[in-house]
Amino acid sequence: MTDRKEFRDLAPPEAAHEAIASLALTPSPESVSLDEARGRVLAERIDAAIDVPGFDRASVDGYAVRGRDTFGADESDPRVLDLVGTVHAGTEPDVTVEPGTCAEISTGAVLPPGADAVVMVERTDDLGGEIEIRTAVAPGDRVMFAGADIAAGSRALGPGTRLTPREIGLLSALGVDQVPVRGRPRVGIVSTGDELVRPGEDLNSARGEIYDVNSNTVAAGVTEAGGEPVLYPHAGDDYDEMERLLRQAADECDLVLSSGSTSASAVDVIYRVIEERGDLLLHGVAVKPGKPMLVGRLDSAGSQSAYVGLPGYPVSALTIFRTFVAPAIRRAAGLPEPRTATVTGEFAVRERYSEGRMRLMPVGLVESDPAADDLLVYPVDKGSGATTSLVEADGVVEVPADTEYIAAGDSVEVRLFSPDVRAPRLLGVGEDDPLLSRLLDRVDAPRYLPVGSREGLRRLRDGVPDVAVVAGESSRDVDSEELGAWTREWGLVVSGDEVDGLDALVDADVRFVNRDRNAGLRATFDAALDDLADARGVSRGALADRIDGYELTVKAHESPARAVLEGRADAGLGLRTTAAALGLDFVPLGHERVAVHGAPGRTEKPAVRELAAALSAADVDLPGYDAA
């Protein structure tokens, strides 16, 4: 039997933070050009080397004067001064203002010798060679003197300042073209696992291959936290190759992140690399998701590089990165923690939890009462391997390890993924349907969860979504307001004429792919199977047992048809429009009704009204579809 590496005692989250904080991540300072400095952090103080402005200048269009020559002037008793010339912005004055004279001047122009104030043009009249001044000004009026903005030798910006457009403007005014900034930590990213394929390359699902989600996801997180991501070639589960890549990354980067190969499996070898080629500080954290986490150091050229091993599942990897790693990268880059973004809402459903470790539960938000700004919070947890949880959740609820359950109606605090996160304008749940996808395109910022008709009805009764889309006869028995409906032709998607009806599924040697029990289409199919069973004088169960693949179920409306297209099945439960889109044959078995139901009390939400308007104006031009 192959030895199996078991998790060590799971460390508490606080220990994981301490272990990562102990790693040396701070990169050396560097100098960047001004046009590359936005968002960077100053490494040292910058003092002004020049006065800004570097000369006395007019702050308005008007006439440069000696202030004493205007004393006592007003509308009824103006002063008249001789005009001796004009000074434009960007030119050196060639006139001098003597007593009893003035010079026309533009905003930003250099104040000519002899002048100490400017009279705005609106309080003057041109008499042709003479200027009538109808207001008195004191020396310094409407003049910005040299160094008034910032004087030479003054402290302009201090170390640790994050450079925004405002600071870039000041540096530009000072003539700074090279800016000393804190270095951004270089973070090497290595995804492991023999099953991974880079996006854009050919995927062989028959071999269990999946696209590498973590490399680009974590790289985006590194950039957001102020680091410089460096993606390395995909590593399989071969010890020597993994060691080579990790050592290369350690030589070239301040921090090495890997994802996958951290759990207690015989094929997972990263912990062996760390133990043999560095220091393993931590293996396993008492947090869900993300228990399989490594923290350590890797030997590099003359020193050691920090290392963190993330779990392989995308949701777990990103959650652990955001919680433990991103703060360390921000500290190394000199960036402050982002503004804390939290909201409080009412938990929508009862959620049991008693696993003895802190849970970082992904949740979504929906406005239950827009007028009162009340928020409902619902769990979005399809399991660590479900990538869509990354975009269907708005934030995280931290559930302490000793919590047994959260009750419906409990007040919970949600830590949003970003201060910019907003609850979707429309939350819909229910049947997966091609026409619905088109209609949702006409609504601004919707979120739709294709959980199936049965689950959609349950959630509608629990009061979570704004709308539920329900297919089949059950769509007529819902305590809600129907916003619109249509019918769709359903049947068997096939390739060739081997299957010509429901009888063939039962009697012929064919492979079938069914829809899951939450789908309204599955309920419609089972009702047809009941009718066939009655006609034959047997039970539906007896017929179902004779269908090869009756229990082989999938969630999405197109999945059975794709199984037929790829030769993995002879027939699949589906829609005429799907068969037409994929170029497959279709055996019609009937029509079913699909209805959109608005939750009580929410039909006046603007986004719900938008959906209702889209429904009423919809052109039902998909094959097999008709208005109800």
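All values reported here derive from a predicted model rather than from experimental measurement.

(A) Region of the structure containing the overall build of the protein. When you go through the protein residue by residue, the secondary structure sums to 15 helices and 37 strands. Against the 2.2 N^0.38 benchmark of 25 Å for 628 residues, the protein shows a C-alpha radius of gyration of 35 Å, more extended than a compact globule. C-alpha atoms of the protein, sized along the principal axes, occupy 120 × 65 × 50 Å. Considering the protein as a whole, with its 628 residues, one finds that 50% of them fall into the buried category. Across the protein, contacts joining residues at least 24 apart in sequence account for 72% of those joining residues at least 6 apart. Total accessible area on the protein stands at roughly 28,700 Å², and carbon and sulfur atoms take up 45% of it.

(B) Region of interest: the pairing of strand S22 (residues 342-347). Inspection of the sheet shows S22 paired to strand S28 (residues 411-416) by five bridges, in the antiparallel sense. Across the sheet, Thr344 pairs through a bridge with Glu413, a residue of S28. In terms of strand pairing, S22 meets strand S25 (residues 374-379) through two bridges, oriented parallel. Its bridge partner lying in S25, Glu346 is registered against Leu376.

(C) How the structure looks around the sheet that holds strand S17 (residues 255-259). Strands sit in the order S16-S13-S17-S21-S20-S18 across an open sheet of six strands; the sheet is mixed. If you trace the sheet from one side to the other, it starts and ends with strand S16 (228-231) and strand S18 (278-283), each paired once. With direction set aside, neighbouring strand axes in the sheet form an average angle of 25°. As paired strands, S17 and strand S21 (residues 303-310) are joined by five bridges and run parallel to one another. Following the sheet pairing, Ser258 is matched in S21 by Gly309. Along the sheet face, helix H4 (residues 239-252) touches strand S13 (186-191), S17, strand S20 (294-300) and S21 and points at about 75° away from the line of S20.

(D) Inspection of the pattern of salt bridges at higher detail. Summed over all chains, the structure comprises 38 salt bridges. Across the pair Arg134 and Asp125 runs a salt bridge, and its minimum N-O distance is 2.7 Å. Residue classification places Arg134 among the buried positions, given a relative accessible area of 14%. One salt bridge connects Glu241 with Arg244, and the closest N-O pair in it is separated by 3.0 Å. One end of the pair, Glu241, and the other, Arg244, are both in helix H4, three residues apart, so they sit about a helical turn from each other. Residues joined by salt bridges that share partners form a network here, namely Glu75, Arg123, Asp125 and Arg134.

(E) Expanded view of helix H11 (residues 520-536). Taking 1.5 Å per residue, 17 residues should reach 24 Å; H11 reaches 25 Å between its end C-alpha atoms and fits that length. Listed in full, the buried residues belonging to H11 are Gly520, Leu521, Arg522, Thr524, Phe525, Asp526, Ala528, Leu529, Leu532 and Ala533. A positive phi of about 75° marks Gly537, the residue just after H11.

(F) Summary view of the sheet that holds strand S6 (residues 101-105). Here six strands make up an open sheet; going across it, the order is S7-S4-S6-S5-S9-S8 and the pairing mixed. In the strand order of this sheet, the two ends are held by strand S7 (117-120) and strand S8 (124-126), each with one partner. The sheet shows a mean angle of 40° between the axes of neighbouring strands, taken without regard to direction. The pairing of strand S5 (residues 79-87) with strand S9 (residues 130-133) spans four bridges and is antiparallel. Looking across to S9, one finds that Arg79 is bridged to Ile133.

(G) Representation of the environment of Ala528. Within the element layout of this structure, Ala528 appears in helix H11. In the structure, Ala528 is positioned 62 residues away from Gly590 in sequence and 8.9 Å away in space, judged by C-alpha atoms. The residues touching Ala528, leaving out its near neighbours within four places in the chain, are Trp490 and Leu502.

(H) Structural context of helix H6 (residues 314-333). Its 20 residues place the ends of H6 only 25 Å apart at the C-alpha level, less than the 28 Å of an ideal helix rising 1.5 Å per residue. Along H6, the helix axis deviates most sharply at Arg322, where the bend reaches about 45°. Following H6 by one or two positions, Gly334 adopts a phi angle in the positive range, close to 80°.

(I) Quick peek at the confidence of the model for the protein. In this model, the protein carries an average pLDDT of 88, and 93% of its residues clear a pLDDT of 70 or more. Low confidence marks residues 1-7, where pLDDT is under 50. Its contacts with residues over four positions away, or in another chain, come to 19 contacts.

(J) Seen up close, the environment of Val399. Along the polypeptide, Val399 turns up in strand S26 (residues 395-399). Sequence spacing of Val399 and Glu92 is 307 residues, and the spatial spacing of their C-alpha atoms is 70 Å. Residues within four places of Val399 in sequence aside, it is in contact with Tyr353, Arg357, Met358, Arg359, Met361 and Ile406.

(K) Structural view of the nonpolar core. Trp486, Leu505 and Leu611 are the most contacted members of the largest nonpolar core, which has 46 residues in total. Residue contributions to this core peak at six residues, all from H11. Not counting chain neighbours up to four residues away, the residues in contact with Leu505 comprise Leu492, Val499, Val510, Phe512, Phe525, Arg546, Ile547 and Ala571. Listed in part, the 35 residues of the second largest apolar core include Leu25, Leu257, Val287 and Leu310.

(L) The arrangement of the packing of helix H1 (residues 13-21) against H6 in detail. At their nearest, the axes of H1 and H6 sit 10 Å apart, and the two run at 30° to each other. Classified by the interaxial angle, the pair formed by H1 and H6 is roughly parallel. Handedness of the crossing formed by H1 with H6: right-handed. Together, Pro13, Ala16, His17, Ile20 and Ala21 of H1 and Thr323, Phe324, Val325, Ala328 and Arg331 of H6 make up the contact between the two elements. Looking at side-chain class alone, the contact of H1 with H6 contains seven nonpolar, two polar and one charged residues.

(M) Focus on a negative patch on the surface. A cluster of acidic residues, Asp497, Glu498, Asp500, Asp509, Asp548 and Asp585, forms a negative patch on the protein surface. Here Asp509 lies in the loop between helix H10 (502-507) and strand S33 (512-515). On the accessibility criterion, Asp509 (71% relative accessible area) is exposed.

(N) Seen up close, the packing of aromatic side chains. This structure, assessed with the given rule, holds two aromatic pairs. Centre to centre, the rings of Phe525 and Tyr550 are 6.5 Å apart; their planes meet at 35°, and the pair counts as tilted. Linking Phe525 in helix H11 with Tyr550 in the loop between helix H12 (540-545) and strand S34 (553-554), this pair joins segments that are 25 residues apart in sequence. According to the relative accessible area criterion, Tyr550 is buried, its value standing at 4%. Its end group placed over the ring of Phe417, Arg322 keeps NZ or CZ at 4.1 Å from the ring centre. Looking at Arg522, its charged tip hangs above the ring of Tyr550, at a distance of 4.7 Å from the centre.

What counts as what
- Residues numbered from 1 in each chain as written.
- Predicted model: local features only at pLDDT ≥ 70, side-chain atom pairs only at ≥ 80, totals over all residues.
- Heavy atoms only, no water.
- Helix = DSSP H or I, 4+ residues; strand = E, 2+ residues; numbered from the N terminus.
- Rg over C-alpha atoms; globule rule 2.2 N^0.38 Å.
- Buried < 20%, exposed > 50% of the residue type's maximum accessible area, 1.4 Å probe, protein only.
- Contact = heavy atoms within 4.5 Å.
- Areas by Shrake-Rupley, 256 points an atom, 1.4 Å probe, with all protein chains shown as cover.
- Pairing = 2+ DSSP bridges.
- Axes fitted to C-alpha atoms, helices over the stretch in contact; angles between N-to-C directions.
- Salt bridge = Lys/Arg side-chain N within 4 Å of Asp/Glu carboxyl O.
- Expected span 1.5 Å × (residues − 1).
- Bend = angle between axes of the 7 residues up to and from the residue.
- pLDDT = per-residue confidence, 0-100.
- Core = buried A, V, L, I, M, F, W, Y, C linked by side-chain atoms within 4.5 Å.
- Parallel < 35°, antiparallel > 145°, perpendicular 65-115°, else oblique.
- Left-handed = near helix turned anticlockwise from the far one by under 90°.
- Nonpolar A, V, L, I, M, F, W, Y, C, P; charged D, E, K, R; others polar.
- Patch = residues over 30% accessible without salt bridge, like charges linked within 9 Å, V, L, I, M, F, W, Y side chains within 5 Å.
- Lys, Arg positive; Asp, Glu negative; His and termini not counted.
- Charge placed at Lys NZ, Arg CZ, Asp CG, Glu CD.
- Phe/Tyr/Trp six-rings, centres within 6.5 Å; stacked < 30°, edge-to-face > 60°.
- Lys NZ or Arg CZ within 6 Å of the ring centre and 35° of its normal.

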